[in-house]
Structure formats: structure tokens, C-alpha cells
Amino acid sequence: MDQPKRERKKPRGTSITLQIGPDSVVRVEKELPSGKPEIELHYAEMFCTDDQGMRPHFKRFGRFDNLRAQEENDLDFTVETDLGVKWLELAEFAPIKEVGHYQDSTGFWNGGELAELFKKLVKKKNDKLYGGSVILMVYATHDHFWVPPPIIRMMPSLLRNEGLTLEAVYMVSPHGTVVEAWPGDPASEGPMGLGNVRLGV
């Protein structure tokens, strides 16, 4: 008799935010869901909500309404924007091979190595030849795997000759900060660089 297939729980890391008030600093630890569909829905809903400061995708697409999950083995979601209905594909940035388990990660990275790992993930998704109208949302469930803005701002030049057919690519932190990796936010004037970084609180 066949055993029922058990859903494999994804490892999840820590999402820690420091909230600074007039009298104190509070450390807030966020508990993420454990199953892949629940994690992806959590990040997709966070991405489609315009309630935080760094939201470059709203500047590009106007709005993100009527998020709808798609069948397994298809693109993950559809969503309505001011530029029409778009496909939203998700990919977790979790270079476990490089560090071992989540708990083994130190958060110390060489920026060039992080950039290459991010670029490799984007190319892998692009090679599926989804076609136009696809937004790739790369998310981190652990603060040690969040690719910071100075590195993501390098991506338009690093991806320029890779023949991307994806309409846009974004990096999303565990707590919902969004940075545009492709084609690049023309209004972004923040720092860029590939130096060594220490991630996490």
C-alpha cells in the first residue's frame, strides 16, 4: 500500500527587524510559514502590498491587484497591473551549497560571490523561456541570504549581455524591502559595489 506523500517542510531562517523608537530599540523576530506554497504566498502578498518605503515595482507597474495562484508546475501567480496582467514567478535565494545548513551561515560574504550566485539564479529562471510579461521575484527567507541594495544595483550592468526575456527582476528581503535588479530603477541613486558584506542582525 502506498504511503501518502508528505509535504517536505522548507528550512526557514530568521527575519529580524530593529524598530527604533524615541525611547528604545526593539528587536522583532518574524516567524515564517514552513511549507513552500505558504512561504511563496506570504512573499507574493507582501510584494503586492504598497505599504512600505522601498517599492520600486509600484513605480514601474502602478499597482498589483488580484493575485492568483496558478497550478503546480506552472508559473506561480498572475497579478493585474496598470501595464496589464503579468506572471509573477518566485525563486528563493538560498545558497545552501556554499554555507551548509541555514544555521551554519555566518552572514559574511564577498560581494562578487553574492552577485554571481544571484546572477546564476536569474539566468536559470530565464533559461526556462517563459516569454514576456514575467516578473521574477527573488526572495530571501533568512537575513544572511538577503542580497543588499549596493550589490543588486550592479545587476543591470552584470545582466546586460545575458539575453534576459524576463520583464523585470526584484530582490525581496525577509521583511519586505524590494530592490529592482532588472532592468534597473533609473531613479535609484544609492551606492553600488561588490565589496565584502556582513548580513543579518
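Quick caveat, the model's predicted, so the values are computed rather than measured. Here the residue index of a chain counts from 1 through its sequence in written order. With pLDDT at 70 or above as the cut-off, local features in this predicted model cover only qualifying residues; side-chain atom pairs require 80 or more to be listed or tallied, and sums for whole chains, interfaces and linings still use all residues. The side-chain figures draw on all heavy atoms in the structure; neither hydrogens nor water molecules are used.

Enquirer: Please explain helix H4 (residues 111-126) as it appears in this structure.
Expert: Three or four residues apart is the spacing at which side chains of an α-helix point the same way, because the helix has 3.6 residues per turn. Helix numbering and strand numbering both begin at the N terminus, where a helix is a DSSP run of H or I of at least 4 residues and a strand a DSSP run of E of at least 2. To estimate how far a helix should extend, the number of its residues minus one is multiplied by 1.5 Å. With 16 residues, H4 extends 22 Å between its outermost C-alpha atoms, agreeing within 8% with the 22 Å of an ideal straight helix rising 1.5 Å per residue. Burial classes follow relative accessibility: with a 1.4 Å probe on protein chains only, a residue under 20% of its type's maximum area counts as buried, one over 50% as exposed, and anything between as partly exposed. All of the buried residues in H4 are Gly-111, Leu-114, Ala-115, Leu-117, Phe-118, Lys-119, Leu-121, Val-122, Lys-125 and Asn-126. In this structure Asn-110 caps H4, since a side-chain oxygen of it lies 2.9 Å from the backbone nitrogen of Gly-112. We call two N or O atoms a polar contact when they sit within 3.5 Å, provided that within protein one can donate a hydrogen and the other can accept it, with sequence-adjacent residues counted only if both atoms are side-chain atoms.

Enquirer: Help me out: how do you make sense of the sheet that holds strand E5 (residues 84-92) in this one?
Expert: Strands belonging to one sheet form pairs held by backbone hydrogen bonds; the direction of such a pair is parallel or antiparallel. Overall, mixed pairing links the 6 strands, which are arranged E3-E4-E5-E7-E8-E9 in an open sheet. Because the sheet does not close on itself, it has two edges, and the strands there are strand E3 (65-69) and strand E9 (178-182). On average, each strand axis in the sheet is inclined to that of its neighbour by 30°, with strand direction left out of account. Should DSSP find at least two bridges between two strands, the strands are taken to pair. Where strand E7 (residues 134-139) and strand E8 (residues 168-172) come together, 5 bridges link them in parallel fashion. Across the sheet, Val-138 pairs through a bridge with Met-171, a residue of E8. Strands in contact with helix H1 (residues 36-47) are E3, strand E4 (77-81), E5, E7, E8 and E9; relative to E7, the strand with the most contacts, it is inclined by about 115°. Working rule for contacts: check all heavy atoms of both residues, and any pair within 4.5 Å makes them a contact. A fitted line through C-alpha atoms serves as each axis, taken over the contacting stretch for helices, and the angle formed by two N-to-C directions is quoted from 0 to 180°. Those strands touched by H4 are E5, E7, E8 and E9, and its axis lies near 130° from that of E5.

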